[in-house]
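Structural features, examined
Chain by chain, the residues:
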Amino acid sequence: MSSTTTIAPASPLSSRIQAMHESATIAMAKKCRELIAKGFDVINLSFGEPDFQTPQYIKDAAKEALDKGFTFYTPVPGIPELRQAICDKFKRDNQLDFQPNQIVVSTGAKQALANAVLSLVNPGDEVIVFSPYWVSYEEMVKLAEGTSVPLVGTLENDYKVTAAQLEAAITERTKLIMYSSPCNPTGSVFSRQELSEIAAVMARHPQVFALADEIYEYINFVGEHVSLAQFPEVKDRVITVNGFSKGYAMTGWRLGYLAARQDIAAACEKMQSQITSGTCSIAQHAGLAALRGGRASADEMVEAYRRRRDLVLDIVKDIPGLKTPTPSGAFYVFPDVSAFLGRTAPDGSIISTSMDLALYLLNDGLVSAVSGEAFGAPECMRFSTAAADDKLVEAFRRVKASLAKL
Ligand SMILES: Cc1ncc(COP(=O)(O)O)c(C=O)c1O
């Protein structure tokens, strides 16, 4: 009998999906759930999710929408009343004028971002991603076959990229810049002056567009939220993304939107029409009620986020080795943990990376955080502060104790 050699079949998966990383926040949350399922008392600070319930008036609107029979497909870019309410919101909160045909409602801000990247970026185009950045930006650019160019803000400047850095990074292949303000993961907020300088740089480079992710707009401790689209010289080249997940505690409803020049909005609508169609009809009616209710419910939550931020900063400042800037918005702290890299854990293993440190804190301290690598900042680690006060106090007590063993 002749022996045959079996050759493992090549993976049937596309190179596109093989090149893509799993979302690090979702991966960490998965590990955390596994430990919880085994009975460990893990405190999960890896999620970017408000711990508040969606306000009751929004839930009531969803129930009413069901009872009224809004169970059919909606127009791809959203129901007309919601698109109008989003225009009204932009006028009220941001002094921005948009027409409903410039608004595309999507399955979360995430889809709005993906629609915009896929509609604007050609293979080989450069996308300047302000770093530290939200985990999905780079992968979206990869999916569009663009080249992402991380531009790193410094700790001294609260991790904010400056206009001078941007000017130096722009090339003739630059198509887009992407950033979030308030920023996930750093909590930094661009001031009017800083954004006006960024707008001035863009004005000198007419081929450059900007994707301004304002999903944390309402979770702002410094007061003024500035939209890049407020600068008339660049308004037509700014795609403003926002949504309901953070400000209205509606993560599970999957509702977000963008506002852009009409041809770009139409392109995003076309992209969405072929992939998902209009988002959930019930969620859209809930979102309509949310916007009509203004931002009072968000303001209440912001007070809790501010209290928790202060509580955490108070503990963290007593942990030697952590360098933690004060976040101006969002619900994270993002300490520089580099002092702990290279140290030896009690089991003799070396903590070489922020990922090693995150796994160590999970196993030793039963606290789940996300390593900075995923955000383009391998010297940092992100802890969510969207948890009850007593949980936060206990979590950082554990972090302090585990770090002291290194
Ligand atoms: C900066 C940033 N942009 C967008 C999103 C996505 O939001 P949504 O839940 O609306 O898809 C998130 C969620 O974590 C985020 O942190």
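Worth saying up front: this structure is predicted, and the values here are computed from it rather than measured.

**Some thoughts on the packing of aromatic side chains**
- Counted by the stated rule, this structure contains 17 aromatic pairs.
- Centroid distance F130 to F190: 6.1 Å. Interplanar angle 70°. Geometry classified as edge-to-face. Residue F130 is found in strand β3 (residues 126-131), and its partner F190 is found in the loop between β5 (174-180) and α8 (192-203); the two are separated by 60 residues along the sequence.
- For the pair Y305 and F331, a centre-to-centre distance of 5.0 Å together with 35° between the ring planes defines the contact as tilted. Within this pair, whereas Y305 is found in helix α11 (residues 296-316), its partner F331 is found in the loop between α11 and β9 (332-333), the two being separated by 26 residues in sequence.
- Residue Y305 is classed as buried on the basis of its relative accessible area, which comes to 1%.
- The buried category is assigned to F331, whose relative accessible area is 1%.
- Stacked on the ring of F90, the Lys or Arg K89 has its end atom at 5.2 Å from the ring centre.
- One cation-aromatic arrangement involves K235 over F98; the distance from NZ or CZ to the ring centre is 4.4 Å.

**Description of the nonpolar core**
- The biggest cluster of nonpolar side chains holds 82 residues, and the ones touching the most others in it are F383 and F396.
- When residues are assigned to domains, this core turns out to be shared by domain 1 (19-48 + 297-404) and domain 2 (57-293), each giving three or more.
- Excluding residues within four positions of it along the chain, F383 makes contact with L45, F331, Y332, V333, P335, L361, V367, A369, F396 and V399.
- Core analysis: the second largest hydrophobic core is formed by 51 residues, I58, I79, Y179 and V226 among them.

**Thoughts on unusual backbone geometry**
- Residue S131 is joined to P132 through a cis peptide bond whose omega torsion reads 0°.
- Of note, the phi angle at Y159 is positive, near 65°, even though the residue is not glycine.
- Take Y159: it is sitting in the loop between β4 (147-152) and α7 (163-169).
- Among the residues examined, Y159 registers a relative accessible area of 7% and is labelled buried.

**Observations regarding the domain arrangement of the protein**
- For the protein, the domain assignment lists domain 1 (19-48 + 297-404) and domain 2 (57-293).
- Taking only C-alpha atoms, the centre of domain 1 and the centre of domain 2 are 27 Å apart.
- Listed by partner, the interface residues are 29 residues for domain 1 and 28 residues for domain 2.
- Taken together, both faces of the contact between domain 1 and domain 2 bury some 2600 Å²; the carbon and sulfur share is 62%.
- Ranking the residues of domain 1 by area buried against domain 2 places S328, A330 and F375 at the top, with a combined share of 21%.
- The interface formed by domain 1 and domain 2 contains 13 residue pairs in polar contact (both at pLDDT 80 or more).
- Of the residues forming the side of domain 1 that touches domain 2, the biggest block, seven residues, is contributed by α11.
- Partitioned by chemical class, the residues of the side of domain 1 that touches domain 2 number 16 nonpolar, eight polar and five charged.

What counts as what
- Each chain has its residues counted from 1, running along the sequence as written.
- Local features in this predicted model are restricted to residues of pLDDT 70 or higher, and side-chain atom pairs are both shown and tallied only at a pLDDT of 80 or more, whereas totals for entire chains, interfaces and linings draw on every residue.
- No hydrogens and no water enter the side-chain calculation; it runs on all heavy atoms of the structure.
- Stacked, tilted and edge-to-face pairs are distinguished by plane angle, under 30 degrees for stacked and over 60 for edge-to-face with tilted covering the rest, among Phe, Tyr and Trp rings (Trp via its six-membered ring) whose centres lie within 6.5 Å.
- Comment: elements are numbered from the N terminus, with helices defined as DSSP H or I runs of at least four residues and strands as E runs of at least two.
- Per-residue accessibility, obtained with a 1.4 Å probe over protein chains only, is compared with the maximum for each type, and a residue is labelled buried under 20%, exposed over 50%, and partly exposed between these values.
- Charge-over-ring placement is defined geometrically: NZ (Lys) or CZ (Arg) within 6 Å of the ring centre, and within 35 degrees of the ring normal.
- We define the nonpolar core as a collection of buried residues of types Ala, Val, Leu, Ile, Met, Phe, Trp, Tyr and Cys that are connected through side-chain atoms lying within 4.5 Å of one another.
- Domain segmentation is taken from an automatic or database assignment of domains.
- The contact rule is simple, with two residues in contact once any of their heavy atoms fall within 4.5 Å.
- Buried area is calculated as the accessible area (1.4 Å probe) missing from two parts once they are joined, with the contributions of both summed.
- For this analysis, a polar contact is any N or O atom pair within 3.5 Å, provided that within protein one partner can donate a hydrogen and the other can accept it, and provided that sequence-adjacent residues contribute only side-chain to side-chain pairs.
- Under the scheme applied, nonpolar residues are Ala, Val, Leu, Ile, Met, Phe, Trp, Tyr, Cys and Pro; charged residues are Asp, Glu, Lys and Arg; polar residues are all the others, including Gly.

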